[in-house]
Amino acid sequence: MSTESAGTLHPLAPHHLPSFISDATGADPMMTNVAIFAVVMVFLLTTFFLHLHSLPEQLAHKVGANQLQIVGVLALIALFTHNNIYWVAALLLALIQIPDYETPLGRIADALDRLKSPEPPQAVAQSAAAEATPAPTQTASKDAAKDGEV
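Residues numbered from 1 in each chain as written. Predicted model: local features only at pLDDT ≥ 70, side-chain atom pairs only at ≥ 80, totals over all residues. Heavy atoms only, no water.

1. Considering the confidence of the model for the chain
On average, residues of the chain score 78 in pLDDT, and 72% of them reach the 70 mark or higher. By mean pLDDT, helix 1 (residues 3-7) is the weakest element of the chain at 54, and helix 2 (residues 29-53) is the strongest at 93. (pLDDT = per-residue confidence, 0-100. Helix = DSSP H or I, 4+ residues; strand = E, 2+ residues; numbered from the N terminus.)

Structure follows, in structure tokens:
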């Protein structure tokens, strides 16, 4: 091969080659661009997936602490097992406000305890205060006087 043949192109060859065809040096700009695009897209898709996955927990911050813990556990199970049903359950649980049954039931139980006690609340407080004060003790001289009389 001479330099004269390399300088002349075949008459049917295109005079301008597209940019995605590699040149004689072996550099492949299209592969480099696709590799950079793939790395950026994997990073963006992973970030989107993790942000979407944490959506139930962000919504559950508006509800009670126990419900937040349950939603967090369901979301974590869904993340590690790749079962979407856990994520859907966590999302539904985060969106639904569970009614507070504990507070009214506690008040009812306290009211029933007050009704059940035989003494009124003031008498209970006075009897508790009376039990807390110690009874007066006899002095040693009175004990000695009693021993001498017998």
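Further notes follow.
2. Let's talk about helix 4 (residues 65-81)
Taking 1.5 Å per residue as the helical rise, helix 4 with its 17 residues ought to reach 24 Å, and the 24 Å between its terminal C-alpha atoms agrees with that figure. Where helix 4 is concerned, the buried positions are Gln67, Val71, Gly72, Leu74, Ala75 and Ala78. Looking down the long axis of helix 4, one finds its buried residues gathered within 165° of arc, a one-sided arrangement. The outward face of helix 4, more than 90 degrees from its buried face, is lined by the exposed residues Ala65, Asn66, Gln69 and Phe80. (Expected span 1.5 Å × (residues − 1). Buried < 20%, exposed > 50% of the residue type's maximum accessible area, 1.4 Å probe, protein only. Arc of directions from axis to C-beta.)

3. Overview of unusual backbone geometry
Residues other than glycine seldom take positive phi values, yet His82 does so here, at roughly 60°. Position of His82 among the secondary structure elements: in the loop between helix 4 and helix 5 (84-95). Note on His82: relative accessible area 59%, which makes it exposed.

4. Points about the nonpolar core
Ranked by size, the top nonpolar core spans six residues in total: Ala60, Val63, Val71, Leu74, Ala90 and Ala94. Breaking this core down by element, the ones donating at least two residues are helix 4 and helix 5. (Core = buried A, V, L, I, M, F, W, Y, C linked by side-chain atoms within 4.5 Å.)

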